[in-house]
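# Survey of secondary and tertiary structure
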Amino acid sequence: MAGKALVLGGGGSSGIGWMAGVLYGLGEAGVDLTDADVVIGTSAGSTVGAQLRAGALEEVYERQLAAPEGEIPGRLGISLLLRYAWATVTSRTPEAYGRKIGRMALAARTPAAAARRAAIETRLVSPEWPDRALHITAVDTVTGELRVFDKGSGVPLGDAVAASCAVPGVWPPVTIEDRRWIDGGIHSAANAQLAEGYDQVVVLAPITLGGGPLVSPLAQTQRLVEQGARAIVVSPSPEAKQAFGRNPLDPSVRAAAARAGREQAAAHVGEVAKVWGS
């Protein structure tokens, strides 16, 4: 399986803006990642991936600067973060972690599923799957297993993105094929392992940490390199993190994050070009 893979990780509204900004900034400098043979999107990355496959880079970037109409602000409270931490330290595998978080997600009080689905629809350039390969991740609330949705899965694109972005305890799990699904980031912040077999891999990872059973994007990318791929991780600079603010699930931070990503891109042009060049 030779070719180029673009991996877009999770990171909330700020991650959406930042990744779009980095992609646009790299494109302005002559490094166009839109020609990827596959785009692998997790959580925020599923939104950016769907937009990227359906529109031009400039359009994707400009969408981040517009007022976030239709979006619903969310927040990861202290009690919820403590539940995540407990599940991390008491789980030995990503699947075990996913099962614990899945049970919590199913019991949580969240906004109505219809309202959340409508918010996701406002993000999509097109409701249809693109012709070029787009892989979107989600986690089964019962088994804790990771699944990849694509055009051949028969699942509507909006459902796949909503599932991948269903932050447990904040947004409702999404029903697909009589199963309930949550954020693909519960398995890994970027799921860069799905790019195994590709020769050239660029990972944009708003969140770089792993912990317990969850492998970090940095470690996953290093494994790709050990397997013979040219691969690189780009993560937010200190300046970009400052632009994110304290709540990554606040849609109002998206524009500032996008501008920060665009500005940061200049520092990575050379190294990304070395990976992505033919």
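For clarity, every value in this text was computed on a predicted model and none was experimentally measured. For every chain, the first residue of the written sequence is number 1, and numbering continues from 1 along that sequence. Where local features are concerned, this predicted model is filtered to residues with pLDDT of at least 70; where side-chain atom pairs are given and counted, the filter is 80 or more; whole-chain, interface and lining totals use all residues. Water and hydrogen atoms were dropped before computing side-chain values, which therefore reflect all heavy atoms in the structure.

## Re the nonpolar core
Generally speaking, nonpolar side chains in soluble globular proteins are found buried as a group. In plain terms, the rule: Here, nonpolar core refers to any group of buried Ala, Val, Leu, Ile, Met, Phe, Trp, Tyr and Cys residues whose side-chain atoms link them within 4.5 Å. When accessible area is computed with a 1.4 Å probe and restricted to protein chains, residues below 20% of their type maximum are described as buried, those above 50% as exposed, and intermediate ones as partly exposed. Only heavy atoms matter for contacts: two residues are in contact if any of them lie within 4.5 Å across the pair.
Of all hydrophobic cores here, the largest spans 51 residues; its most connected members are Leu6, Trp18, Leu23, Leu33, Val202 and Leu204. Sequence-distant contacts of Trp18, defined by excluding residues within four places in its chain, comprise Leu204, Ala205, Pro206, Val234, Ser235, Pro236, Ala240, Phe244, Ala257, Ala258, Gly261 and Gln264.

## Focus on unusual backbone geometry
Only a minority of non-glycine residues have a phi that is not negative, and only a minority of peptide bonds are not trans. Which entries qualify depends on this criterion: In this text, helices come from DSSP runs of H or I with a minimum length of four residues, and strands from runs of E with a minimum of two, each type numbered from the N-terminal end.
For Asp178, which is not a glycine, the phi torsion comes out positive at approximately 65°. Within the element layout of this structure, Asp178 appears in the loop between strand S5 (174-176) and strand S6 (179-183). Judged by relative accessible area, Asp178 falls into the exposed class, the value being 79%. We note that Asn191 has phi near 55°; this positive angle belongs to a residue other than glycine. Note on placement: Asn191 falls in the loop between S6 and strand S7 (200-204).

## Focus: the UniProt feature "domain: PNPLA" (unreviewed entry) in the chain
Rules: UniProt positions are given in the numbering used here, feature names are shortened, and annotations may be inferred rather than shown by experiment.
The feature "domain: PNPLA" (unreviewed entry), as annotated in UniProt, sits at residues 6-197 in this numbering. Between the C-alpha atoms that bound residues 6-197 there is a distance of 13 Å. The span itself is 43% helix and 15% strand.

## Thoughts on helix H6 (residues 113-123)
Rules: As used here, the arc belongs to the directions running from the helix axis to the C-beta atoms.
Along H6, the positions that sit buried rather than exposed are Arg116, Ala119, Ile120 and Arg123. Along the long axis of H6, the arc covered by the buried residues comes to 100°, so they all point the same way.

## Here we look at the pattern of salt bridges
Selection rule: Salt bridge, as used here: a side-chain nitrogen of Lys or Arg that lies within 4 Å of a carboxyl oxygen of Asp or Glu.
What the rule picks out here adds up to ten salt bridges. One salt bridge in this structure joins Arg262 and Glu28, with 2.6 Å as the shortest N-O distance. On the criterion of sequence distance, the pair formed by Arg262 in helix H10 (residues 254-265) and Glu28 in helix H1 (residues 12-28) is long-range, its members being 234 residues apart. Judged by relative accessible area, which is 33%, Arg262 ranks as partly exposed. Where Arg147 meets Glu177, a salt bridge forms, and the shortest distance between an N and an O atom there is 2.7 Å. Of this pair, Arg147 sits in strand S4 (residues 146-149) while Glu177 sits in the loop between S5 and S6; the two residues are 30 residues apart in sequence, bridging distant segments of the chain. Note on Arg147: relative accessible area 24%, which makes it partly exposed.

## Observations regarding the layout of surface pockets
Under the convention used in this document: Computed over the protein atoms alone on a 1 Å grid, cavities are sets of points where a 1.4 Å probe fits but cannot get out and pockets are open sets with protein on both sides within 12 Å along at least five of seven lines; a residue lines them when it has an atom within 4 Å of a point. Grid points are joined across faces, edges and corners, and a volume is the space filled by probe spheres set on the points. Each residue gets one label: Ala, Val, Leu, Ile, Met, Phe, Trp, Tyr, Cys and Pro are nonpolar, Asp, Glu, Lys and Arg are charged, and the others, such as Gly, are polar.
Of the pockets and cavities examined, the largest pocket occupies roughly 1,200 Å³. Considering the residues around the largest pocket, the lining is formed by 45 residues, among which Gly10, Gly11, Leu76, Ile207 and Pro248 are closest to the centre. Contributions of two or more residues to the lining of the largest pocket are made by H1, helix H4 (78-89), H6 and helix H9 (238-244). Looking at the lining of the largest pocket residue by residue, the classes come out as 24 nonpolar, 14 polar and seven charged.

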